[in-house]
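Spelled out, the chains give:
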Amino acid sequence: MKITQLMLSSGRLLPTMEEVLQYLQMADLEDDSVRDQRYLLALEDQLEDVDPRLSGHILTRRVAVEVFDFMLEGAEGEEAERAKMRIGEVLPDVASLAVDAALYGAAALRLEPWYCDDCRAWRWRVAERPDPHLLEKADGQVRLVEEDASGSIAARRKLTLEEGWLVATDGRRRAGGALRRVLIYEVLRRDMLLEWANFSRKLKGIIQGIYREGALDEERSAAERALREAVRHNYLLTSEAITFNFHRLVQESAGLNFERLLDKLDADIAIAILGQANTSELPDRGGSRAALQVLDMIRSDIHYSDMIRAERLMQQVVDMDYRRNVSRQGEVPWRFAWDWSEIEEGAREREARVIGEVLDAGVPLLADEVYGRLGFTRPEGVTDIIERQRGF
């Protein structure tokens, strides 16, 4: 039985904490004959189905890479436009691959060329994209795991660019990527939700029925029926031979601990995947601005690393396309580059707001620093000091 079928047949969406620790240990073994990363990676692949919040975080991270436009430096005119159209067809897949490499530790897909008669050029499509649990990262290499009919590892195959394989990793030694760091949190979150649901049921309390001596069988049967219907009808009708006592098992205020813990787990998971959390996780006593700045820097670093990883992969696509459609000789003169103009424009607007706030506070600034921060050249005739004039 294959790994994914085995995990689904257990009837549980997530394993126990002991099983998770066992999967981590199996994935980190040095010996090829006993190392097995499939259980860990197959479990990580299920997390999006278990936690809708996590699924949203991952979608946000993927879309953040796919929406950017790109340029082909070194290509000009119609040739550049045709090349952009060809490689742009696989850009969403390659961008998603770059994010998956960060999430799972490794990701790969194989491109194959096909000839377009209408455009008289070779174009590209995804021929194969293995599931995360079939990619093993060890000894600085990523290999494709081949399973036999029983689900055991039959072979590990090296992936080469000559065969059309694009391979990306997160640069870390261990398998599992960012989802490895949130896996234990997700199991804890599942356990806490189950405990919270059990706690909520106990909020109803318990009804105790006491038979007095001499109660008839008919009265006891009527009392039992009344107990079963009490919650639905919110009243009881019995004889004097039966007494009901209502007991509270838990205090409602105790449920706040579950809520606080779940909020903490959700925030840490969001920071691990996106670099940000809800503003409700900011410090209670001051430091909110500093906390937002730190989260913003982490988010920017994560996004930038995804963009750079995708850029390197897309350069391999550009090289393959050039060799197929232009020339098999010499160095490839084209360079894939993201169009950062939208980010730069946003950064310029933020800088302008900061400068405006400083000037409003009455603080003079050096003109060279102001124009430098905004990315502009200081024109002639501008004074060395810029300050807000009174009345404006």
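As shown above, the structure is provided for reference.
Residues numbered from 1 in each chain as written. Predicted model: local features only at pLDDT ≥ 70, side-chain atom pairs only at ≥ 80, totals over all residues. Heavy atoms only, no water.

Q: Would you take a moment to explain the sheet that holds strand S4 (residues 135-138) for this structure?
A: Two orientations exist for strands paired in a sheet by backbone hydrogen bonds: parallel and antiparallel. Here we have three strands laid out as an open sheet, ordered S4-S5-S6, and antiparallel in their pairing. A single partner strand is all that each edge strand has here, and the edge strands are S4 and strand S6 (153-158). Strand-to-strand twist in this sheet, taken as the mean axis angle between neighbours without regard to direction, amounts to 35°. When S4 meets strand S5 (residues 141-147), the two strands line up antiparallel, connected through four bridges. Across the sheet, the residue bridging to Leu 135 is Leu 144, located in S5. (Pairing = 2+ DSSP bridges. Helix = DSSP H or I, 4+ residues; strand = E, 2+ residues; numbered from the N terminus. Axes fitted to C-alpha atoms, helices over the stretch in contact; angles between N-to-C directions.)

Q: Please clarify how the pattern of salt bridges should be interpreted in this entry.
A: Proximity of charged atoms lets side chains of opposite charge pair with each other. For the coordinates displayed, the defined rule picks out 29 salt bridges. For the salt bridge of Lys 84 with Asp 69, the shortest nitrogen-to-oxygen distance reads 3.9 Å. Taken together, the residues span a long stretch of sequence, with Lys 84 in helix H5 (residues 77-88) and Asp 69 in the loop between helix H4 (52-66) and strand S1 (70-73) at a distance of 15 residues. Bridged by salt links that share partners, the residues Asp 32, Arg 35, Glu 136, Arg 143 and Arg 156 form one connected network. (Salt bridge = Lys/Arg side-chain N within 4 Å of Asp/Glu carboxyl O.)

Q: Is there a simple way to explain helix H2 (residues 17-27) in this structure?
A: An α-helical turn contains 3.6 residues, so a residue and the one three or four places further along point in the same direction. Listed as buried for H2 are Val 20, Tyr 23, Leu 24, Met 26 and Ala 27. Each buried residue of H2 sits inside an arc of 165° when the element is viewed along its axis, so together they form one side. Across from the buried face of H2, at angles greater than 90 degrees, the exposed residues are Glu 18 and Gln 25. (Buried < 20%, exposed > 50% of the residue type's maximum accessible area, 1.4 Å probe, protein only. Arc of directions from axis to C-beta.)

Q: Which parts of the structure should I look at to understand the environment of Thr 383?
A: Considering the arrangement of structural elements, one finds Thr 383 in the loop between helix H12 (367-374) and strand S12 (385-386). Residue Thr 383 is classed as exposed on the basis of its relative accessible area, which comes to 51%. For Thr 383 and Ala 367, which are 16 residues apart along the polypeptide, the C-alpha to C-alpha distance reads 7.0 Å. Beyond its immediate stretch of four places on either side in the chain, Thr 383 contacts Ala 367 and Arg 378. Polar contacts involving the side chain of Thr 383 include one to the main-chain carbonyl oxygen of Ile 385, which spans 2.8 Å. (Contact = heavy atoms within 4.5 Å. Polar contact = N/O pair within 3.5 Å; in protein donor to acceptor, adjacent residues only side chain to side chain.)

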